[in-house]
Amino acid sequence: MKLFDQEFLVSHDVREWSGERALPLWVLLPESAGLMDRDVRPALDAGLTVRPLVDTVRATASWMAAHPAAVRQGGLDPADEAAILRKWQAVRDR
């Protein structure tokens, strides 16, 4: 089995990108190949400024703390994640 096997994830109802039972920022290949492969030079040349990631993380954490009712949780429940990892490990070790 490959180190990262998307068929295994799909067969265990792990979903793409975001939301319930999702693996954040993962997309199926080859269907979504190139999703994040864009040349940003035109935007930068037009004046786009990019703030440091640490500033974005702090601002997001601050907003989430101030608006807890608006924060939607997603991803895998820790128990589900552990169970899927155990199954993957068992298959991988065969």
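That block above? That's the structure.
Residues numbered from 1 in each chain as written. Predicted model: local features only at pLDDT ≥ 70, side-chain atom pairs only at ≥ 80, totals over all residues. Heavy atoms only, no water.

Quick notes on a nonpolar patch on the surface
Part 1 of the reasoning: Taken together, Trp17, Leu25, Leu35 and Met36 make up a surface patch of nonpolar side chains, about 450 Å² in accessible area.
Part 2 of the reasoning: Tracing the sequence through the fold places Leu25 in the loop between β2 (22–24) and α2 (41–45).
Part 3 of the reasoning: Overall, the relative accessible area of 60% leaves Leu25 in the exposed class. (Patch = residues over 30% accessible without salt bridge, like charges linked within 9 Å, V, L, I, M, F, W, Y side chains within 5 Å. Areas by Shrake-Rupley, 256 points an atom, 1.4 Å probe, with all protein chains shown as cover. Salt bridge = Lys/Arg side-chain N within 4 Å of Asp/Glu carboxyl O. Helix = DSSP H or I, 4+ residues; strand = E, 2+ residues; numbered from the N terminus. Buried < 20%, exposed > 50% of the residue type's maximum accessible area, 1.4 Å probe, protein only.)

Some points on the nonpolar core
Part 1 of the reasoning: Core analysis: the biggest nonpolar cluster contains 7 residues, these being Phe8, Leu9, Val14, Trp26, Leu76, Ile84 and Trp88.
Part 2 of the reasoning: Elements that contribute at least two residues to this core include exactly α1 (6–11) and α4 (78–92). (Core = buried A, V, L, I, M, F, W, Y, C linked by side-chain atoms within 4.5 Å.)

So, unusual backbone geometry
Most peptide bonds take the trans form, and the phi angle of most residues other than glycine is negative.
Part 1 of the reasoning: Cis geometry is found at the peptide bond from Leu29 to Pro30, where omega equals 10 degrees.
Part 2 of the reasoning: Secondary-structure assignment places Pro30 in the loop between β2 and α2.
Part 3 of the reasoning: You will see that Asp13, though not glycine, has its phi angle at about 60 degrees, which is positive.
Part 4 of the reasoning: In this structure, Asp13 sits in the loop between α1 and β1 (15–17).
Part 5 of the reasoning: Taking relative accessible area as the criterion, Asp13 reaches 37% and is therefore assigned partly exposed.
Part 6 of the reasoning: Although it is not a glycine, Trp17 sits at a positive phi angle of roughly 70 degrees.
Part 7 of the reasoning: Judged by its relative accessible area of 34%, Trp17 falls in the partly exposed class.

Points about the pattern of salt bridges
Part 1 of the reasoning: Under the criterion given, the structure shown has 5 salt bridges.
Part 2 of the reasoning: In this structure, Arg92 and Asp93 form a salt bridge, with 3.8 Å as the shortest nitrogen-oxygen distance.
Part 3 of the reasoning: Given the relative accessible area of 35%, Arg92 is considered partly exposed.
Part 4 of the reasoning: A cluster of three or more residues bridged by salt bridges with shared partners is formed by Asp13, Arg15, Arg21 and Asp80.

Brief notes about the environment of Arg38
Part 1 of the reasoning: Along the chain, the position of Arg38 falls in the loop between β2 and α2.
Part 2 of the reasoning: You can call Arg38 exposed: its relative accessible area is 60%.
Part 3 of the reasoning: Along the backbone, Arg38 and Thr60 are 22 residues apart, and their C-alpha atoms lie at a distance of 24 Å.
Part 4 of the reasoning: Among the polar contacts made by the side chain of Arg38, one reaches the main-chain carbonyl oxygen of Gly34 at a distance of 2.8 Å. (Polar contact = N/O pair within 3.5 Å; in protein donor to acceptor, adjacent residues only side chain to side chain.)

Shape is all these values report; function is a separate question.
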